[in-house]
Amino acid sequence: MMTENKKTKALIIGCGKMGGSLLKSMADSGLYNIYVVDTDESRRKYASRCGAEVFSKLEGAPSADIYILAVKPQEIDAVLKKIKSSVLKGRLLISIAAGISIEHIKSYIDSMPVVRAMPNTPLAVGEGMTALCVSDAEPPEAAEEALHLFSLSGAAEIINENIIDAVTAVSGSGPAYFILLAGEMKKFLSEKGMDEAQASSFAARTVLGSGKLMADSEQSFEQLIKNVVSPGGTTEAALNHIEKKGLKKIFYKAMEKALKRARELSKEEGQ
Ligand SMILES: NC(=O)c1ccc[n+]([C@@H]2O[C@H](COP(=O)([O-])OP(=O)(O)OC[C@H]3O[C@@H](n4cnc5c(N)ncnc54)[C@H](OP(=O)(O)O)[C@@H]3O)[C@@H](O)[C@H]2O)c1
């Protein structure tokens, strides 16, 4: 059995939606002693309930093995300056801030390896998809440790940092696309007479099951679509309309827009 002092010390800075989800999965794993810094009292209360030791300022927090930066991108520079001036040193610093490059973080912190992560909100239910960027200069243990940490709340893959804006447009923003579609399914069922709760369940479980099929089945996405369609049937009628109205093109273009915005934000945030 792992003793208290064998646990990895992790300091999460910013315990909002994403930091809070990471905290939960890390706490559930029992592998970490977790410290949390958050300026918001309600978030500190949440972190305490998860078993973390909480601080309102970085200045009072202990040093750790792993630092996780989970504040908004516009707060990152102030936090990096504080880490630098406190001469905090660990074996890994992970940033989940959108648009903040490894090079930018390294311009403040050269005392530990840096991993840049792009998680998504399904992290909150253990079904996240996280992209991890690690520069070649870092020891392989840095990537392994980050992979392990994010695997506690879903799947994680190493990617090249030069594709992270495209990944942001897909897995980062993607939950909103599918929830939007599910919202229309729910509305449709409600308007046809189903009660709200049941309509939510049908919509959500249709998206959930489709995602699981795509993730777990060995069949191609095209084949998984064919499995639903029969000639002259209901699905074919719907898909023909989608094709005729150009929805696929609209959707592809929407991701191009998200990619363009991610690039603009990266420039604004100091990539
Ligand atoms: N949401 C997503 O889908 C998503 C996906 C991928 C990556 N991200 C990235 O994840 C990061 C966090 O996003 P989020 O949605 O979790 O934000 P959030 O819910 O606003 O959480 C940030 C938390 O940090 C606190 N905070 C602000 N300044 C601080 C400081 N100097 N020291 C300590 N705590 C501080 C905030 O408190 P106050 O409320 O008082 O400011 C808040 O509780 C962002 O950088 C974002 O780019 C988000």
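Residues numbered from 1 in each chain as written. Predicted model: local features only at pLDDT ≥ 70, side-chain atom pairs only at ≥ 80, totals over all residues.

With that settled, the discussion passes to the overall build of the chain. Looking only at helices and strands, the chain features eleven helices and eight strands. Principal-axis analysis of the C-alpha atoms gives the chain an extent of 70 × 35 × 35 Å. Considering only residue pairs separated by 6 or more positions, the chain has 62% of its internal contacts joining residues 24 or more positions apart. (Helix = DSSP H or I, 4+ residues; strand = E, 2+ residues; numbered from the N terminus. Contact = placed C-beta atoms within 7 Å.)

Here the focus is the pairing of strand S8 (residues 154–158). Put simply, side chains in a regular strand alternate between the two faces of the sheet. Here five bridges tie strand S7 (residues 128–134) to S8, and the two strands are oriented parallel to one another. Bridging from a neighbouring strand, Met 129 pairs with Ala 155 of S8. (Pairing = 2+ DSSP bridges.)

In terms of domains, the chain is made up of domain 1 (4–160) and domain 2 (174–267). Tallying the contact residues gives six residues for domain 1 and five residues for domain 2. Classifying every residue of the side of domain 1 that touches domain 2 by side-chain character gives two nonpolar, four polar and no charged. (Domains from an automatic or database assignment. Nonpolar A, V, L, I, M, F, W, Y, C, P; charged D, E, K, R; others polar.)

Another aspect to go through is the site of the ligand. Surveying the vicinity of the ligand reveals 27 residues, the closest of which are Gly 14, Gly 16, Met 18, Ala 97 and Ala 98. Secondary structure elements with two or more residues in the shell around the ligand: helix H1 (17–29) and helix H3 (73–85). Residue contributions to the shell around the ligand peak at four residues, all from H3. (Near = placed C-beta within 6 Å.)

Helix packing geometry: the angle between the two helix axes and the distance between the axes. Packing of helix H6 (residues 164–172) against helix H11 (residues 247–268) leaves a shortest axis separation of 8 Å and a crossing angle of 130°. Between H6 and H11, the angle falls in the class oblique. Crossing angle aside, the handedness with which H6 passes H11 is right-handed. From H6, Asp 165, Ala 166, Thr 168, Ala 169 and Val 170 reach across to H11, where they touch Met 255, Ala 258, Leu 259, Ala 262, Arg 263 and Ser 266. Partitioned by chemical class, the residues of the contact of H6 with H11 number seven nonpolar, two polar and two charged. (Axes fitted to C-alpha atoms, helices over the stretch in contact; angles between N-to-C directions. Parallel < 35°, antiparallel > 145°, perpendicular 65-115°, else oblique. Left-handed = near helix turned anticlockwise from the far one by under 90°.)

We now examine the environment of Ile 164. Assignment of secondary structure puts Ile 164 in helix H6. Classification of Ile 164 by C-beta neighbours within 10 Å gives buried; the count is 24. If near-sequence neighbours (up to four positions away) are discounted, Ile 164 is found in contact with Met 118, Ala 131, Cys 133 and Ile 159. (Buried ≥ 20, exposed ≤ 12 C-beta atoms within 10 Å, placed from the backbone.)

Attention now goes to the sheet that holds strand S6 (residues 114–118). Strand order in the open sheet formed by eight strands is S3-S2-S1-S4-S5-S6-S7-S8, and the pairing between neighbours is mixed. Here the strands that pair on one side only, and so sit at the sheet edges, are strand S3 (53–55) and S8. Between one strand axis and the next, the sheet turns through 20° on average, direction left out of account. Pairing analysis gives four bridges linking S6 to S7, with the strands arranged antiparallel. For Met 118, the partnering residue across the bridge sits in S7 and is Ala 131. With respect to the sheet, H1 is in contact with strand S1 (8–13), strand S2 (32–37) and strand S4 (66–69), its orientation differing from that of S2 by roughly 160°.

Moving on: H3. With 13 residues, H3 extends 19 Å from end C-alpha to end C-alpha; this agrees with the ideal 18 Å at 1.5 Å per step. Among the residues of H3, those classed as buried are Ile 76, Val 79, Leu 80 and Ile 83. When H3 is viewed along its axis, its buried side chains cluster within an angular range of 105° and face the same direction. Among the exposed residues of H3, those oriented more than 90 degrees off its buried face are Gln 74, Ala 78, Lys 81 and Ser 85. Buried residues belonging to H3 abut S1, S4 and helix H4 (102–106). A positive backbone phi angle near 50° is found at Val 87, which sits one or two residues after H3. (Expected span 1.5 Å × (residues − 1). Arc of directions from axis to C-beta.)

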